[in-house]
Amino acid sequence: MPIRPTVPQAATSCSPAAACPSGHRDDVPPQWHDDDKPHEECGVFGVWNVKDASALTALGLHALQHRGQEATGIVSYDGERFHTHKGLGLVGDVFGDARVMATLPGHRAVGHNRYATTGATLIRNVQPLFADFEFGGLAVAHNGNLTNAETLKRALVRRGCIFQSTTDSEVFIHLIAISLYASVIDRLIDALKQVLGAYSLVVLSRDALIGVRDPLGVRPLILGRIPGETESDPASWVLASETCALDIVGAEFVRDVEPGEVVIIDNDGVRSVKPFGEQKGRFCVFEYIYFARPDSVLDGVPVYEARKRIGVELARESGVEADVIVPVPDSGVPSAMGYAMASGIPFELGIIRNHYVGRTFIEPTDQIRHLGVKLKHSTNRPVLDGKRVVLVDDSIVRGTTSRKIVDMVRAAGAREVHMRISSPPTTHSCFYGIDTPERSKLLAAQHDLKEMAELIGVDSLAFISFDGLYRALGHEGREAAAGRYCDACFTGDYPIALVDYEAAGGDPHCA
């Protein structure tokens, strides 16, 4: 049997890397948080048995760019050697040079887009993580967050493991290294049984491409197939965070990787192992509301249609007399369309987003930070002037950006401004891979509906109900959807133990 790390007694404080286990990043420049949204998790992608595997991986990562913009990396295997290239920035910046792609030969590859939820934005934290083991090389790309990573890390360090990064993902590497099992798959499963948290993994060894979802399936992962050029040619296989990454590489959707499933792709085809037995999933409901790209399909539900139906439900629940429905771009657009359709009020683009603004390029003084929202959004005055406006957005986190947008709309001449939100109030922090502030900074955790409306300066404010949200996702209401989703950011019902946070004395239900 493998030697298990000794789990230490509860610590009295977190290390700097885990100072805020909720995932909020106070160590990154403040302008990276100025859009007042929950930030992306990460995107993972892998291909097996395809010519120019790294080029296809770069395309897949480009389609998954919305899931992480801080850094990106690819590891390929040519049958003899592994090759890797990583960089800070967008996929096009890091892999836009043909000379870089030429250094990544092979017919199999894995890639990762990073938005850091643990570990600073340093090149050593950029994934995929790669290590040489006695059985050969192994590359790991991880989307999600481990809730017992610090506990395991302290035990591993006591055993002599030397960590090269500050990311929780490296825990997988060390657990695989110390496992006494023989095969790569058994070592990986041994590691999986010791970690807690929400994760999707894409792993590349010399002999296989492996996809993994955590036992509750909180984070997404899908399997795709690229048919051979002739009937006798073997198929190529794809693993990706979302279906939108299949289209760009010419792959067809096969199925979602199931909660707790390990999918193994090798020269013999595709096989499945379920080391945790049959599991009832708790998929992250916020993927439907905000994170996933609108053209993706998650668990059989088209995201675009779900968001439109959320808008329909929102209009039915909280309709108000108005002249125009205006989305807060871009994430509010489908719900605003649904709201307009159900209410009969015209849909207009009263706010225009500048798509060419990345990270703030001016020194982030207080004045510039205050004006930052105008770099990303501007008003379409003829649409707003003299009108009663309903603004539709996906969420309110701190409320700072909502206030600025409302002020802009009023400055453009709006007579009334009503805000409708296509999610329930965000009252709790996420510990499962989404970058959200600590609870004391969440507007809905500190104020009631009337107070929030006053703070952001609207004539009225309403959020979709839980019943409305789950009706939009195809259920009869909240009760019918019970136990099918992770909605802890709205309810505080955390389905996975928060080992590190609670060991540090934290209480996720306290402000």
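Along each chain, numbering runs from 1 in the same order as the chain's sequence is written. In keeping with the predicted nature of the model, local features appear solely for residues at pLDDT of at least 70, side-chain atom pairs appear and are counted solely at 80 or more, and the whole-chain, interface and lining totals rest on all residues. Note that the side-chain values use all heavy atoms of the structure and ignore hydrogens as well as water.

Attention shifts here to the sheet that holds strand E20 (residues 388–393). Reading across the sheet, the 4 strands line up as E17-E20-E21-E22 and stay open at both edges, with parallel pairing between neighbours. Taken across any chain shown, the strands that pair with only one partner, and hence form the sheet edges, are strand E17 (324–327) and strand E22 (460–463). Strand-to-strand, the axes of this sheet are offset by a mean angle of 20°, without reference to chain direction. When DSSP finds two or more bridges between a pair of strands, those strands are recorded as paired. By the criteria applied, helices consist of DSSP H or I runs no shorter than four residues and strands consist of E runs no shorter than two, each listed in order from the N terminus. Judged from the 6 bridges that link them, E20 and strand E21 (residues 416–421) form a sheet pairing that is parallel. For helices, the fitted line uses only the C-alpha atoms of the stretch in contact; every axis is such a line through C-alpha atoms, and the angle between N-to-C directions lies from 0 to 180 degrees.

Turning next to the packing of helix H13 (residues 400–411) against helix H15 (residues 449–456). Look at H13 against H15: their axes get within 8 Å of each other, and the N-to-C directions meet at 55°. With respect to H15, the axis of H13 lies oblique. Along its contact with H13, which presents Ser-402, Arg-403 and Val-406, the element H15 presents Glu-454, Leu-455 and Ile-456. Each residue receives one of three labels: charged for Asp, Glu, Lys and Arg, nonpolar for Ala, Val, Leu, Ile, Met, Phe, Trp, Tyr, Cys and Pro, and polar for the others, Gly being one of them. Partitioned by chemical class, the residues of the contact of H13 with H15 number 3 nonpolar, 1 polar and 2 charged. Orientation is classified from the angle alone, with under 35 degrees giving roughly parallel, over 145 giving roughly antiparallel, 65 to 115 giving roughly perpendicular, and any other angle giving oblique. Here, two residues are considered to be in contact whenever any of their heavy atoms come within 4.5 Å of each other.

Turning next to the environment of Gly-197. The residue Gly-197 is located in strand E7 (residues 197–205) in this model. Relative accessibility under 20% of the residue-type maximum defines a buried residue, over 50% an exposed one, and the middle range a partly exposed one, all with a 1.4 Å probe and only protein chains included. Look at Gly-197 and you get buried, because its relative accessible area is 6%. If sequence neighbours within four positions are ignored, Gly-197 has contacts with Asn-145, Leu-146, Thr-147, Asp-214 and Ile-496.

Turning our attention to the pattern of salt bridges. Whenever Lys or Arg places a side-chain nitrogen within 4 Å of a carboxyl oxygen from Asp or Glu, that contact is recorded as a salt bridge. This model, assessed by the stated rule, comprises 20 salt bridges. Here Asp-295 and Arg-293 are joined by a salt bridge, their closest N and O atoms 2.7 Å apart. Overlapping salt bridges, with partners in common, bring together Arg-67, Arg-219, Glu-242 and Glu-287 in one network.

What follows deals with the packing of aromatic side chains. Between rings of Phe, Tyr and Trp, where Trp is taken as its six-membered ring, a pair exists when centres lie within 6.5 Å; planes separated by under 30 degrees are stacked, by over 60 edge-to-face, and by other angles tilted. In the structure shown here, the tally under the stated rule is 15 aromatic pairs. With a centroid separation of 5.6 Å and 75° between ring planes, the pair formed by Phe-283 and Tyr-288 is classed as edge-to-face. In this structure, Phe-283 and Tyr-288 share a single accessibility class: buried. Here Phe-286 and Phe-291 contribute two aromatic rings whose centre-to-centre distance is 5.4 Å and whose plane-to-plane angle is 50°, an arrangement assigned as tilted. Under the relative-accessibility criterion, Phe-286 is labelled buried at 3%. Every member of this aromatic cluster is reached through a ring pair, and the members are Phe-286, Tyr-290, Phe-291, Phe-466 and Phe-490.

Turning our eyes to something else, we now look at the nonpolar core. For the purposes of this section, nonpolar cores are sets of buried Ala, Val, Leu, Ile, Met, Phe, Trp, Tyr and Cys residues that join through side-chain atoms within 4.5 Å. By size, the foremost hydrophobic cluster in this structure holds 47 residues, and its most contacted members are Val-218, Phe-286, Tyr-288, Ile-325, Tyr-432, Tyr-470 and Tyr-485. When contributions to this core are tallied by element, the ones reaching two or more residues are strand E14 (283–284), helix H8 (286–291), helix H9 (303–318), helix H10 (333–343), E20, helix H16 (466–472), strand E23 (485–486) and helix H17 (488–491). The two domains that each donate at least three residues to this core are domain 1 (43–282) and domain 2 (302–358 + 370–482 + 490–494). The contact partners of Tyr-288, leaving out residues within four places of it in the chain, are Phe-283, Leu-298, Asp-299, Val-301, Val-303, Ala-306, Arg-307, Leu-473 and Tyr-485. One finds Leu-129, Ala-131, Phe-135 and Ile-210 within the second-largest nonpolar core, a separate group that totals 33 residues. Each domain span listed reflects an automatic or database assignment of domains.

Mapped onto the present numbering, the UniProt feature "binding site: Mg(2+)" (unreviewed entry) falls on Ser-331, Asp-393 and Asp-394. For the annotated residues, spread through 64 residues, the largest C-alpha to C-alpha distance comes to 7.0 Å, consistent with a single compact locus. A polar contact of 2.4 Å, which involves the side chain of Ser-331, links it to the side chain of Asp-394. In this structure, Asp-393 sits in strand E20. UniProt positions are given in the numbering used here, feature names are shortened, and annotations may be inferred rather than shown by experiment. Contacts described as polar in this section are N or O atom pairs within 3.5 Å, which, within protein, must combine one atom able to donate a hydrogen with one able to accept it, while residues neighboring in sequence count only if both atoms come from side chains.

So, about unusual backbone geometry. Cis geometry marks the peptide bond from Gln-127 to Pro-128, where omega comes out at 5°. Residue Asp-330 follows Pro-329 across a cis peptide bond; omega there is -5°. Note on placement: Asp-330 falls in the loop between E17 and H10. If you check the backbone angles, Asp-52 has positive phi at about 55° while not being a glycine. In this fold, Asp-52 is placed in the loop between strand E1 (42–48) and helix H1 (53–63). The backbone of Asp-299 sits at a positive phi, close to 55°, despite the residue not being glycine.

Strands sit in the order E5-E6-E7-E8-E12-E13 across an open sheet of 6 strands; the sheet is antiparallel. Bordering the open sheet on either side are strand E5 (129–133) and strand E13 (269–273), each of which pairs with just one other strand. Here the strands of the sheet are splayed against their neighbours by 20° on average, with no regard to which way each runs. Both strand E8 (residues 209–213) and strand E12 (residues 262–266) contribute to a ladder of 4 bridges, which runs antiparallel. Paired with Leu-209 across the two strands is Ile-265, which belongs to E12. Across the sheet, helix H5 (residues 170–178) is in contact with E5, strand E6 (136–146) and E7; its angle to E5 comes to roughly 10°. Along the sheet, helix H6 (residues 184–192) contacts E6, E7, E8, E12 and E13; its crossing angle with E8, the most-contacted strand, is approximately 20°.

To find leftover empty space, a probe the size of one water molecule is rolled over the atoms. The way it works is a 1 Å grid over only the protein atoms, where trapped points that fit a 1.4 Å probe form a cavity and open points with protein on both sides within 12 Å along at least five of seven lines form a pocket, and then any residue with an atom within 4 Å of a point lines it. Grid points are joined across faces, edges and corners, and a volume is the space filled by probe spheres set on the points. For the structure shown, the criterion picks out 7 cavities of 30 Å³ or more. Roughly 90 Å³ of internal volume is contained in the second largest cavity. Lining the second largest cavity are 13 residues, with Cys-430, Tyr-432, Ile-434, Cys-486 and Cys-489 positioned closest to its centre. A breakdown of the residues in the lining of the second largest cavity according to their chemical character gives 10 nonpolar, 1 polar and 2 charged.

Quick look at the confidence of the model for the protein chain now. A residue's pLDDT is the predictor's confidence in that residue, given on a scale from 0 to 100. Looking at the protein chain as a whole, its pLDDT mean stands at 88, while 87% of the residues score no less than 70. Low confidence marks residues 1–35, where pLDDT is under 50. Its contacts with residues over four positions away, or in another chain, come to 89 contacts. pLDDT under 50 marks residues 359–364. Its contacts with residues more than four places away, or in other chains, come to 11 contacts.

Bringing the packing of H5 against H6 into the picture now. Where H5 contacts H6, the two axes come as close as 8 Å, and the packing angle between them is 125°. In terms of orientation, H5 and H6 fall into the oblique class. Like other packed secondary-structure pairs, H5 and H6 cross with a definite hand, here right-handed. In this structure, H5 uses Phe-172, Leu-175, Ile-176 and Ala-177 to contact H6, whose residues at the interface are Arg-187, Leu-188, Ala-191 and Leu-192. Here the contact of H5 with H6 is composed, by residue class, of 7 nonpolar, no polar and 1 charged. Crossing handedness: left-handed means the near helix sits turned counterclockwise from the far one by under a right angle, and right-handed means the same turn made clockwise.

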